[in-house]
Amino acid sequence: MADGAESSGGLQIHPMEQFTVRPLFGGGEDHGLSFYTVTNVTLWMAIAVVCVILLFVFGTRGRAIVPSRVQSVAELAYGFVHKMIEDIAGKEGLKYFPYVMTVFMFIVTANMLSLIPMSFATTSHIAVTGVLALLVFVSVTVIGFVKNGAAFLGLFWVSAAPLALRPFLAVIEVMSYFVRPVSHSIRLAGNMMAGHAVFEVFAGFAAVALISPVSIVAIAAMYTLELLVAFVQAYVFTILTVVYLKDALHPQH
């Protein structure tokens, strides 16, 4: 993840260069990108998907009474997401457990993979997190109307507020509802990008002899913090998804 170099008599650090999308085949960046171009982003997303499949399909196929380490990780993840949905959205929300579980496992795996040296942080790109957020937004909106019909619009009508204020609050509620995919996606992408950018800065300073020891200690501390952030951001994205699902299932204020 580090790319610091000295040129023209000074240290040059380019913390944002690591987020550049590059094609894997058929020329450099100047050739442009198309929707079918295989890039470093698609490569690491595919690796994340393969890792999740290996964990849940091959890691648990034995279904041992005394689980292996891999099976234990899979069971912990399963129980964690299952309890989250049941606690927030109720038993009715468990019908959508496979989708929520898929979202959580993809994000947390992609986040963890991005901490491997020379890897790529796919969840630092708004194009990735934006698609995930839009899928959640469209899904819960469709579920809300299918399950409740026109009663789903009650989500925007704050019946507990004074009657005179309800129309104004309804406008605010509608606006906040349509802002959901923006905040949902930017929160994840922004936190992942910020952490990796800081990594790049400290790694660049590691080339300077006088501050190299301090920089190395800082990188080690940042790495530990980023491990926590990788999980927390996946958790935050998932729990917001479940909260939105609860609103779709039970829209009454």
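Above this note sits the structure.
Because the structure is a prediction, the values reported are computed rather than measured. (Residues numbered from 1 in each chain as written. Predicted model: local features only at pLDDT ≥ 70, side-chain atom pairs only at ≥ 80, totals over all residues. Heavy atoms only, no water.)

(A) Representation of the side chain of Thr123 within the structure. Assignment of secondary structure puts Thr123 in the loop between α3 (97–113) and α4 (126–148). Thr123 gets classed as buried once you look at its relative accessible area, which sits at 0%. Of the polar contacts made by the side chain of Thr123, one reaches the side chain of Asn111; its length is 2.5 Å. Beyond its immediate sequence surroundings of up to four residues, Thr123 is in contact with Ala110, Asn111, Thr129, Leu188, Ala189 and Met192. (Helix = DSSP H or I, 4+ residues; strand = E, 2+ residues; numbered from the N terminus. Buried < 20%, exposed > 50% of the residue type's maximum accessible area, 1.4 Å probe, protein only. Polar contact = N/O pair within 3.5 Å; in protein donor to acceptor, adjacent residues only side chain to side chain. Contact = heavy atoms within 4.5 Å.)

(B) Region of the structure containing the environment of Asn40. Assignment of secondary structure puts Asn40 in helix α1 (residues 40–58). For Asn40, a relative accessible area of 11% puts it in the buried group. Residues Asn40 and Arg22, spaced 18 residues apart in sequence, show a C-alpha to C-alpha distance of 5.9 Å. Filtering out sequence-adjacent residues up to four positions away, Asn40 remains in contact with Thr20, Val21, Arg22, Leu24 and Phe120.

(C) Looking closely at a nonpolar patch on the surface. A cluster of nonpolar side chains, contributed by Phe80, Met112, Tyr223, Leu225, Leu227, Leu228, Phe231 and Val232, occupies part of the molecular surface with about 630 Å² of accessible area. Broken down by element, the nonpolar patch gets its largest block of residues, 6 residues, from helix α6 (residues 212–249). Mapped onto the elements of the fold, Leu228 is located in helix α6. (Patch = residues over 30% accessible without salt bridge, like charges linked within 9 Å, V, L, I, M, F, W, Y side chains within 5 Å. Areas by Shrake-Rupley, 256 points an atom, 1.4 Å probe, with all protein chains shown as cover. Salt bridge = Lys/Arg side-chain N within 4 Å of Asp/Glu carboxyl O.)

(D) Main features of the pattern of salt bridges. In the structure shown here, the tally under the stated rule is 5 salt bridges. Between Lys83 and Asp87 there is a salt bridge, and its shortest N-O distance comes to 2.7 Å. A residue pair is termed a helical-turn pair when its members lie 3 or 4 positions apart in one helix, as Lys83 and Asp87 do in helix α2 (residues 69–89) at 4 residues. For Asp87, a relative accessible area of 53% translates into the label exposed. A salt bridge links Glu92 to Lys147; the nearest nitrogen and oxygen atoms lie 3.2 Å apart. With Glu92 in the loop between α2 and α3 and Lys147 in helix α4, this pair connects stretches of sequence that are 55 residues apart. Judged by its relative accessible area of 32%, Glu92 falls in the partly exposed class. Linked through salt bridges whose partners overlap, the residues forming this network are Arg180, Lys246 and Asp247.

(E) View of the packing of α3 against α4. Following both chains from N to C, one finds α3 and α4 inclined at 170 degrees, their axes separated by 12 Å at the closest point. With respect to each other, α3 and α4 are oriented roughly antiparallel. In terms of crossing hand, the pair formed by α3 and α4 is left-handed. Together, Tyr99, Phe106 and Ile107 of α3 and Leu132, Leu135, Val136 and Ser139 of α4 make up the contact between the two elements. Classifying every residue of the contact of α3 with α4 by side-chain character gives 6 nonpolar, 1 polar and no charged. (Axes fitted to C-alpha atoms, helices over the stretch in contact; angles between N-to-C directions. Parallel < 35°, antiparallel > 145°, perpendicular 65-115°, else oblique. Left-handed = near helix turned anticlockwise from the far one by under 90°. Nonpolar A, V, L, I, M, F, W, Y, C, P; charged D, E, K, R; others polar.)

As far as function goes, none of this settles anything; it's purely spatial.
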